[in-house]
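Summary of structural features
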Amino acid sequence: MSNHEEVVMSVVDLPLETVAEELLRLDPDGSRWGSVIRHTFDMIYNGQETGRYKWDELMKTEKTHFGSLFEINAQREFSFEGGAKLDFFIEGYEVDAKWSQSMGGWMLPPEVFDQIALVGTADDAASRWSVGLVRVSEMNRREKTNRDQKSQLSPAGRAAIKWLWRDAQLPPNVLLQLPEDVVAHILDSTKGTQRLHRLFRAAEGRIVHRTTVATVARQLDAQKRVRGNGGSRSVLASEGIVILSGKYHAHIAKALGVPVPSAMEYISVRVVPSNDGSGAVIAGERWRRARADDEVVRDAPQLPERGTVEELEGP
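Okay, so let's go over this structure. (Residues numbered from 1 in each chain as written. Predicted model: local features only at pLDDT ≥ 70, side-chain atom pairs only at ≥ 80, totals over all residues. Heavy atoms only, no water.)

The next point concerns helix α10 (residues 210–217). The buried fraction of α10 amounts to six of the eight residues, a majority that puts the element mostly inside the structure. Buried within α10 are the following residues: T212, V213, A214, T215, V216 and A217. Backbone geometry just downstream of α10 places R218 in the positive-phi region, at approximately 55°. (Buried < 20%, exposed > 50% of the residue type's maximum accessible area, 1.4 Å probe, protein only. Helix = DSSP H or I, 4+ residues; strand = E, 2+ residues; numbered from the N terminus.)

Right, dumping it as structure tokens:
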């Protein structure tokens, strides 16, 4: 072994690498961490009761509480064992979870000095999130501390972060993706059902999470307002729009060429009959996503309650 190889091996942080391998094993594509962060934002907004949907609507104390909820939700999702001094035991090593809304802003108390920190950050408006690991060594943290003896990562420490996911796609908050005047129009009705109709019209072709439905409807039975029998699915069918549920209609979304919703999401799509073999088979006929110049169909097809092999494969 060369001297260079010996030096490289000597600086490898085996506990940190072991924790990293376990986290990647538990969540190879980062989808579970993305869901944890999405859920934490939605818990803090508490949109069903408050109507809030963005960070700057929160009180300072709520923003401070985000990190605690992030830790709790991560522990629930991954069943991490609670640590003796820090937040988690992962593969036998203690790890402390730290959240900052801004990159590099993590506050590090003395108990995490020389320990492994799991650092996370996200931008809900940009639908991006990052999670990584860093050893809070003397070399990696600032010399100065605040009155609580908390420190931050130094430039060397920020450079030393082992990013497991960097600028990954966060499940979107569609109210932050639509123009502000459009959102204002969606929300200015006094009727929750009318607000949902407006939402699914405006968000055609975009993923809509169940929590957004609850935020807009402001009703306990918000999800029922999406379905048929007088809900948005029935009303918008007369405008040629189908509302697909990720739980039952993911294969239809894929065939229509739109983003595929998860089991916790919806997507509305304006459709027209397909004459060229493209699109999806719905209720025994083939439909495609409408283009801007297509005339509006006044009777969209009725969606199945559950996806079937026949509908998936087509005729």
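Read on, since the account is not over.
Moving on: the nonpolar core. By size, the foremost hydrophobic cluster in this structure holds 32 residues, and its most contacted members are L23, W33, I37, F70, L118, W129 and L133. In terms of residue count, helix α3 (residues 31–45) provides more of this core than any other element does, six residues in total. The next biggest cluster of nonpolar side chains, apart from the first, holds 21 residues, and it includes L196, L199, I243 and Y266. (Core = buried A, V, L, I, M, F, W, Y, C linked by side-chain atoms within 4.5 Å.)

Here the focus is the packing of helix α9 (residues 192–202) against α10. For the pair α9 and α10, the least separation of the axes is 8 Å and the interaxial angle reads 135°. Relative to α10, the element α9 lies oblique. Residues G192, R195, L196, L199 and F200 of α9 touch α10, and the partners they reach there are T212, V213, V216 and A217. Among the residues forming the contact of α9 with α10, the class breakdown is six nonpolar, two polar and one charged. (Axes fitted to C-alpha atoms, helices over the stretch in contact; angles between N-to-C directions. Parallel < 35°, antiparallel > 145°, perpendicular 65-115°, else oblique. Contact = heavy atoms within 4.5 Å. Nonpolar A, V, L, I, M, F, W, Y, C, P; charged D, E, K, R; others polar.)

Take the packing of helix α8 (residues 180–187) against α9 next. Two numbers describe how α8 lies on α9: the axes approach to 8 Å, and their chain directions differ by 150°. When the interaxial angle is binned, α8 and α9 end up roughly antiparallel. Across from V182, H185, I186 and L187 in α8, the residues of α9 making contact are R195, R198, L199 and A202. Classifying every residue of the contact of α8 with α9 by side-chain character gives five nonpolar, one polar and two charged.

Tallied over the full model, the rule gives 14 salt bridges. A salt bridge links R135 to D13, with the nearest nitrogen and oxygen atoms 2.8 Å apart. Here R135, found in strand β5 (residues 128–135), pairs with D13, found in the loop between α1 (3–10) and α2 (14–26); they are 122 residues apart in sequence, far enough to count as distant. A salt bridge links E17 to K162, with the nearest nitrogen and oxygen atoms 3.4 Å apart. One end of the pair, E17, is in helix α2; the other, K162, is in strand β6 (residues 162–169), with 145 residues separating them in the sequence. One continuous salt-bridge network, built from bridges that share partners, spans R38, D42 and D124. (Salt bridge = Lys/Arg side-chain N within 4 Å of Asp/Glu carboxyl O.)

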